[in-house]
Amino acid sequence: MALFDIFRKKRPVETDASLVEAEQGVGEAQVVDGLGGDEAQSAVEQGLQPAAGSDGGPTDSSSPDTGSKEALSSGLEKTRTGLFSKLSRAVAGRSTVDAAVLDDLEEVLVSSDVGVDTTVEIIRRIEERVRKDKYMNTSELQGILREEIAALLEESEGNFERDGVEGLGAKPYVLMVVGVNGVGKTTTIGKLAAKLSRLGKKVYIGAADTFRAAAIDQLEVWARRAGASGDSFTTGDGTPVAGGAASGATSGTTGAAGQRGDVVLVKQQMGSDPASVAFDTLKSAAANGADVVIIDTAGRLHNKVGLMNELSKIRAVMAKVIPDAPHEVMLVLDGSTGQNAFEQAKEFTAATKVNSLAITKLDGTAKGGVVIGISHRFGVPVRWIGIGEGIDDLRPFDRTDFVNALFS
């Protein structure tokens, strides 16, 4: 079981109001108290979906998955509207799927940021089905397109499983997060840490983006929102201090079964060696029984060789502390950037082994087709999608729900 899998098939539960608030800038974070007793156990058993109302009132009594699916559908509204309007124009006045219809469909997919390579593959598959069936109505085209997109996403999932990525049997499970500045790396790390903490996991976050101004401060804001509390003690050398916490660590309350887990932020001074931060984080996490370690990394321009060399160095240093670390490298991409996200994925997958994706900001764009294209082109599964600013708007990616929302 991989890290992502522990979030599957969870039922919704009412969410802490303090965690639902959108990011409002450095210095405004509040210390988040842990859940306790029956409330915490409910969170573990029922999952991490938001409450139906923002006023703290009762949730909808409908199906447990209804709110989640409706939110996903709403988040993909712009992508869905753009795709269907183009698709409707492509088949208008035509009764059968012929070469002309497929040419127009190809244009629709490319303009929806699915990507050229993925579009060509989808068209090839549809052509094979047309040849096999001899005759196909344009009314069937939507259903066929839906099936082929789902099949491509499933194949990417299969590639991930065949890579043999370790699950939570590895303790601590080490996740390295990569991506350029501005894609939502810090926000994604904070939201993921909050979800893990609410499942009772002890989480260590390593602030290894030591190049960007305010990067460490922003990560501390999100660490506190995720459940960290107490003062920060930054000496810059990462030496463990009395009590077992790492120097420069901001920690929460000790987690236990059915309770909110610890969130600990390990940091050094701006300009410190990122590999040193990663080393200190893993050493402290291993010594203190952490379940998950999340390592943030610098997000300078992705075409700079120095950045890519830095990622390789961080990986090598982590492997010295915990064999096979990192167990997962997650690339965060901004879905609203369309084709630029493809270029970022190309550069990062060439520089380091990326085996999962998080695609953010899908709620404000009509370019959601990048989810399909990038996953297929690079053979890497999408694990998380961001469809809003709330803590629960970072959602585990379910290919069936995604395709249903896209074609609903």
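Okay, so let's go over this structure. (Residues numbered from 1 in each chain as written. Predicted model: local features only at pLDDT ≥ 70, side-chain atom pairs only at ≥ 80, totals over all residues. Heavy atoms only, no water.)

Details of the overall build of the protein chain
Looking only at helices and strands, the protein chain features 14 helices and 9 strands. Taken across its 408 residues, the protein chain has 52% of its residues classed as buried. Split by element, the accessible area of the protein chain, about 16,700 Å² in all, is 47% carbon and sulfur. (Helix = DSSP H or I, 4+ residues; strand = E, 2+ residues; numbered from the N terminus. Buried < 20%, exposed > 50% of the residue type's maximum accessible area, 1.4 Å probe, protein only. Areas by Shrake-Rupley, 256 points an atom, 1.4 Å probe, with all protein chains shown as cover.)

Observations concerning the pattern of salt bridges
Overall, the coordinates contain 18 salt bridges when judged by the stated rule. Ionic pairing is found between Asp209 and Arg212, a salt bridge with its closest N-O pair at 3.7 Å. A relative accessible area of 2% places Asp209 in the buried class. Owing to a relative accessible area of 25%, Arg212 belongs among the partly exposed residues under this scheme. Taken together, the shared-partner salt bridges in this structure form one network comprising Glu121, Arg124, Arg125, Glu128, Arg129, Glu147, Glu148 and Glu155. (Salt bridge = Lys/Arg side-chain N within 4 Å of Asp/Glu carboxyl O.)

Observations regarding the side chain of Ser356
Secondary-structure assignment places Ser356 in strand S7 (residues 356–360). A polar side-chain atom of Ser356 sits 2.7 Å from a polar atom in the side chain of Glu328. (Polar contact = N/O pair within 3.5 Å; in protein donor to acceptor, adjacent residues only side chain to side chain.)

Description of the pairing of strand S2 (residues 203–207)
Burial analysis of S2 places 5 of its 5 residues in the buried class, which makes it a mostly covered element. Burial along S2 is two-sided: the face carrying Val203, Ile205 and Ala207 and the face carrying Tyr204 and Gly206 are both buried. Across 5 bridges, S2 lies against strand S5 (residues 292–296) in parallel orientation. Residue pairing for S5: Tyr204 is matched across the bridge by Val293. (Pairing = 2+ DSSP bridges.)

Description of helix H14 (residues 399–406)
Within the sequence span of H14, burial applies to Phe402, Val403, Ala405 and Leu406. One face of H14 carries all of its buried residues, which in axial projection span an arc of 160°. The opening residue of H14, the one whose side-chain oxygen lies 3.0 Å from the backbone nitrogen of Thr400, is Asp398. (Arc of directions from axis to C-beta.)

Concerning the environment of Asp291
Inspection of the secondary structure puts Asp291 in the loop between helix H10 (274–287) and S5. Along the primary structure Asp291 and Gly200 are separated by 91 residues, whereas in three dimensions their C-alpha atoms are 9.3 Å apart. The contact partners of Asp291, leaving out residues within four places of it in the chain, are Ala170, Lys171, Pro172, Tyr173, Gly200, Lys201 and Lys202. Looking at Asp291, its side chain comes within polar contact range of the side chain of Lys171, at 3.3 Å. In terms of polar contacts, Asp291 uses its side chain to reach the backbone amide nitrogen of Lys202, at 2.8 Å. (Contact = heavy atoms within 4.5 Å.)

Some details on the pairing of S7
Within S7, 5 of the 5 residues are buried, which leaves it mostly tucked inside the rest of the structure. Both strand S6 (residues 328–334) and S7 contribute to a ladder of 5 bridges, which runs parallel. If you follow Val332 over to S7, its bridge partner there is Ala358. Note that the unit made of S6, helix H12 (residues 339–351) and S7 has a crossover that is right-handed. Of the pairings in the sheet, the one linking S7 to strand S8 (residues 382–386) comprises 3 bridges and is parallel in character. Across the sheet, residue Leu357 finds its bridge partner in S8, namely Val382. Following the chain from S7 across helix H13 (residues 370–378) to the adjacent parallel S8, one finds a crossover that is right-handed. (Right-handed = clockwise from strand over helix to strand, strands pointing away.)

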